[in-house]
Amino acid sequence: MEQPAWPVLRRYDQDHLRMIALPLGGVGTGTVSLGGRGNLRDWEIMNRPAKGFAPPDSFFAVYTEQPGGKRHARALEGPIDEADYITGQKGCGEPNHGLPRFRSCSFSAAYPFGQAELADPDLPVTAVVQGFNPLIPGDVAASSIPAAILRFVVTNTTAAPLRVAVCGTIANVVGYDGTLGAPAGNCNEYRKREGEAPVRGMLLSSEGVDAAAEQAGTIALATDAAGELTWRTAWLDEPAPWPLRDFWQDFSADGRLEARDAGEGATPHASLAVALALPAHGSASVSFVIGWHFPNRMAWTPIGGFAEPAFAGGGDGPGTGGPRVGNHYATRYRDAWEVVERTFADLPRLEADTAAFVRALCESDLPEAVKEAALFNVSTLRTQICFRTEDGSFHGFEGGFSNEGCCMGSCNHVWGYEHATASLFLELSQRMREVQFLHATDDDGLMHFRVHLPLPRARDHSFAAADGQMASILKLYRDWQLSGDSAWLARLWPKARACMEFCWIPGGWDGDRDGVMEGPQHNTLDYELFGPNPLMAAWYLAALHAAERMARAMDDAAFADRCRELARRGRAWVDEHLFNGEYYEQQVRPPVPGAAAPRGLVMEHAERRLRMPDQLGAGCQVDQLAGQYAAHVCGLGYVLGPEQVRRTLHSILRYNYRTEFHSHFNHLRTFALGDEQALIYASYPRGGEPPWSLRRKSEIWNGSEYTAAVGMLYAGQVEAGLQVIEAIRNRYDGRKRNPFSEIECGEHYVRSMAAWSALLALTGFAYSRLTGTLTFNAAARRADWVWSNGTAWGRCRQTPFAGATEATVTVGGGELELRELVLRGRGSASLPRRRTVPAGDSVTVTVAR
């Protein structure tokens, strides 16, 4: 199969490469990142984050030989940014800093595809370093390969033939993850698979590392190139710097490698060199796969127990002594060599299917910033933030520090904001719901908002979050609609019903059962709000609507009626009493001195609660309508007054948007500087700020910004929503920040995956497999949009004409159950019967008023 041309969504010039680190790896497997200059960085393959870690002297290089014998050897990397030059004893601290390299570099990306374009006037070739890992909506297995797929495209820029070699080298660091452990008895073995699709390479393993250690496992470096191959299983067994010098002299002499004895080195280097013959002005490519297999993931819950950190950090990450939970991906492969063999065997299909989906998204008639924000943030699913345990359940931190996960437990008040997982991989989203309701929820409906591991300890946390519990109910409804699996809902419904009833316990969130939360409401701000407030109100009303619909499907009419009535009363009260004409605000109601809060609702000490710190009061909160945003995504419509919602969104932009930060005072974490633009978390345009107001008020939370922006898109305030999204992505420009790691409490912060919802808002996409109904907004002009429902993906093309619209729905992957197509604002068209539309097929209908 011919290699497909890779789509490109964003290009970065040489001044905007320094921070780029594009994660290459599968969902829940960890990653190696492709740097902006073509280097490999952040080797996060051994069950923990490892920012800045790269195995020593690990790189790819190219050799060229011209007629007449002129030779060159270069690392396949662009120039090191001067900002990375460190004065002092060591000089430059960047990995592989001493290697000659290409003079110029640019970078192109459309996640998961990354391409570093290299050139040098002194060389007879240009080169492109390409990296990707399959990303195929609905195909979890194909998207969960523990590997980085690399291709090196070398082009002869001269009128004479060249002899060329491409070489890859990796140090065997099995046993050391960048923070913990140590190699011991490591060894490299040359392997090959014969046949029509030969694979040759190295398996890096260890005979001395404890087989039960987190860092125990294997790494493989392999190629499917058919040309001459030379290799080393080890470098020179001498102290540094002699091994590197010996290697470089050997390779740069003729592009071939001579063997060296393994000796006693702790981290033997594995090297492969592939020879090529390039005709005049010709091109050739060499593919490598780096695979890994580290089965011993440990739980984020230590054996001796867990104390909730005051500010999520210490003790949350791996390496805390928790019991083994394992990695699901490791159950699918014997070792890293099997990973590379199977990847090469299926590579043409994996690449073609990934390119087809990403190209469809890139070609969609949607704003560039929206496509970039949605697609680039999907990379979070590949990092060590997310993982699957051996039993197949899916879990995630909130974000990641440099060498450990940040904020354990698939925290439902952070994960509650994102809808990318369900849109791309419904299976994983459903597994999260099963963990939440079947394992993390008590019989009385208290859902522990951080899930401890192993799953028998899921309820060790002992606290509920009002917003996260309501978001989980909404997501259960969404996943049920997408899957159409009412038997699955019936299995989870008793605990979901209990979660709703938990709101009504005496002294609880809505103890008086009036449709408004007044009791102590722990939430994503890491403290309790006391009294009615917009953030909890919107989440609660949305959950009531979702619970009503699920209850009716479960033949629980009385419960459905109760939820509907509470939602009706709550909406009326909130719109009347919390809306101040511009936005919603909080009525602060201090707890009664000496009164004990119900179990699991309050995490702050009693004496601190009485001072009433961290209350919103009259403030304008950036994500006060998060529940309304989620209701739109779930197809529930407005849960608050539409006009009040529109005015609130207008006020958020008016009062919270900052066009510069030179004059901005911030007493906590700084996520925007100088002339950057962003929405701050809260403002007090009308005064009335409580003496102990929100500690987070002056911060910037990308995920909350996306929530407000997507709300604006749903409300028809498209220009305003795009302004906010563009401001976020302008901050992640490759020079100042990594475009593939949005930051809040840690890198790759999960809440930023809310950006995917902007695609849903602009296209109006909704799907119910229960009824076979696919919904989009009616386009005002010819439009081509991409869609994904978690099990299939495709395109919707609309062509409006007088009084009607012709719409064609094409399935690009998976299968789509279709009975009716709705174009919101235009009408609908029903098929004669429900159809299963396979990949490659399409359905065309005409929708008239």
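Description of unusual backbone geometry
Here's step 1: That bond from Ala240 to Pro241 is cis: its omega, 10°, falls within 30 degrees of zero.
Here's step 2: On the secondary structure map, Pro241 appears in the loop between strand S15 (229-232) and helix H1 (242-254).
Here's step 3: In this structure, Pro454 follows Leu453 across a cis peptide bond, with omega equal to -5°.
Here's step 4: Looking at the secondary structure, you find Pro454 in the loop between helix H6 (426-439) and helix H7 (466-483).
Here's step 5: With phi around 70°, Cys407 is a residue other than glycine that occupies positive phi space.

Focus on helix H14 (residues 702-714)
Here's step 1: The terminal C-alpha atoms of H14, which comprises 13 residues, lie 18 Å apart, in line with the 18 Å expected from a rise of 1.5 Å per residue.
Here's step 2: Extensive coverage of H14 is indicated by the burial of 13 of its 13 residues.
Here's step 3: Looking one or two residues beyond H14, the residue adopting positive phi is Gly716, at roughly 85°.

Observations regarding a negative patch on the surface
Here's step 1: A contiguous patch of negative charge on the surface is contributed by Asp237, Glu238, Asp261 and Glu264.
Here's step 2: Assignment of secondary structure puts Asp237 in the loop between S15 and H1.

Focus on the pattern of salt bridges
Here's step 1: Under the counting rule described, the total for this entry stands at 63 salt bridges.
Here's step 2: In this structure, Asp250 engages Arg232 in a salt bridge whose closest nitrogen and oxygen atoms are separated by 2.9 Å. On the criterion of sequence distance, the pair formed by Asp250 in helix H1 and Arg232 in strand S15 is long-range, its members being 18 residues apart. In terms of burial, Asp250 and Arg232 fall into one category: buried.

Observations regarding the nonpolar core
Here's step 1: Ranked by internal contacts, the top residues of the largest apolar core, which has 260 residues, are Leu76, Ile290, Met470, Met500 and Trp756.
Here's step 2: At 14 residues, the largest contribution of residues to this core is made by helix H9 (residues 534-553).
Here's step 3: Excluding its chain neighbours within four sequence positions, the residues that come into contact with Trp756 are Phe357, Leu361, Ala374, Val378, His419, Ala420, Ser423 and Leu424.
Here's step 4: Grouped together as the second largest cluster of nonpolar side chains are 14 residues, Ala61, Tyr63, Ala165 and Phe247 included.

Considering the pairing of strand S4 (residues 40-44)
Here's step 1: Summarising burial for S4: four of the five residues are buried, a large majority.
Here's step 2: Pairing analysis gives three bridges linking strand S3 (residues 31-35) to S4, with the strands arranged antiparallel. Each bridged residue has a counterpart across the sheet, and for Thr31 the counterpart in S4 is Glu44.
Here's step 3: Here S3 hands over to S4 after four residues, with Gly38 in that stretch at a positive phi of 95°.

Overview of the packing of aromatic side chains
Here's step 1: Going through the model one piece at a time under the given rule, you end up with 31 aromatic pairs.
Here's step 2: Seen in terms of ring centroids, Phe247 and Phe251 are 6.1 Å apart; in terms of plane orientation they differ by 5°. Their pairing is stacked. Taken together, the residues Phe247 and Phe251, both in helix H1 and four residues apart, mark about one turn of the helix. Each member of the pair, Phe247 as well as Phe251, carries the same accessibility label: buried.
Here's step 3: With 5.3 Å between their ring centres and 80° between their planes, Phe502 and Trp509 make a pair best called edge-to-face. In this structure, Phe502 and Trp509 share a single accessibility class: buried.
Here's step 4: The ring of Tyr732 has Arg737 lying over it, and the distance from NZ or CZ to the ring centre is 5.7 Å.

Examining the sheet that holds S3
Here's step 1: Across the sheet, which stays open at both edges, the three strands sit in the order S2-S3-S4 with antiparallel pairing between neighbours. Each end of this open sheet is capped by a strand with a single partner; those strands are strand S2 (21-24) and S4. If you compare each strand with its neighbour and ignore which way they point, the axes differ by 25° on average.

Re the packing of H14 against helix H15 (residues 718-731)
Here's step 1: Interaxial distance between H14 and H15 falls to 7 Å at its minimum, and their mutual angle equals 155°. Considered as vectors, H14 and H15 are oriented roughly antiparallel to each other. Considering how the two elements wind past one another, H14 and H15 form a crossing that is left-handed. Taking contact as the criterion, the partners of Asn702, Glu705, Tyr706, Ala709, Met712 and Leu713 in H14 are, on H15, Val718, Ala720, Gly721, Leu722, Val724, Ile725, Ile728, Arg729 and Arg731.

A word on the sheet that holds strand S1 (residues 10-12)
Here's step 1: Strand order across the open sheet formed by nine strands is S1-S7-S8-S9-S10-S17-S14-S13-S12, with antiparallel pairing between neighbours. Each having just a single partner strand, S1 and strand S12 (186-193) make up the two edges of the open sheet. Taken over all neighbouring pairs, the strand axes of this sheet differ in orientation by 15° on average, direction set aside.
Here's step 2: Across eight bridges, S12 lies against strand S13 (residues 199-206) in antiparallel orientation.

Observations concerning H15
Here's step 1: With 14 residues, H15 ought to run about 20 Å at 1.5 Å a step, and its terminal C-alpha atoms sit 20 Å apart, in line with that.
Here's step 2: Burial in H15 covers these residues: Ala720, Gly721, Leu722, Val724, Ile725, Ala727, Ile728, Arg729 and Arg731.
Here's step 3: Of the surrounding secondary structure, the elements contacted by the buried residues of H15 are helix H3 (368-377), helix H13 (642-656), strand S25 (657-658), strand S26 (678-679), H14 and helix H16 (757-763).

The rules behind these values
Residues numbered from 1 in each chain as written. Predicted model: local features only at pLDDT ≥ 70, side-chain atom pairs only at ≥ 80, totals over all residues. Heavy atoms only, no water. Helix = DSSP H or I, 4+ residues; strand = E, 2+ residues; numbered from the N terminus. Expected span 1.5 Å × (residues − 1). Buried < 20%, exposed > 50% of the residue type's maximum accessible area, 1.4 Å probe, protein only. Patch = residues over 30% accessible without salt bridge, like charges linked within 9 Å, V, L, I, M, F, W, Y side chains within 5 Å. Areas by Shrake-Rupley, 256 points an atom, 1.4 Å probe, with all protein chains shown as cover. Salt bridge = Lys/Arg side-chain N within 4 Å of Asp/Glu carboxyl O. Lys, Arg positive; Asp, Glu negative; His and termini not counted. Charge placed at Lys NZ, Arg CZ, Asp CG, Glu CD. Core = buried A, V, L, I, M, F, W, Y, C linked by side-chain atoms within 4.5 Å. Contact = heavy atoms within 4.5 Å. Pairing = 2+ DSSP bridges. Phe/Tyr/Trp six-rings, centres within 6.5 Å; stacked < 30°, edge-to-face > 60°. Lys NZ or Arg CZ within 6 Å of the ring centre and 35° of its normal. Axes fitted to C-alpha atoms, helices over the stretch in contact; angles between N-to-C directions. Parallel < 35°, antiparallel > 145°, perpendicular 65-115°, else oblique. Left-handed = near helix turned anticlockwise from the far one by under 90°.

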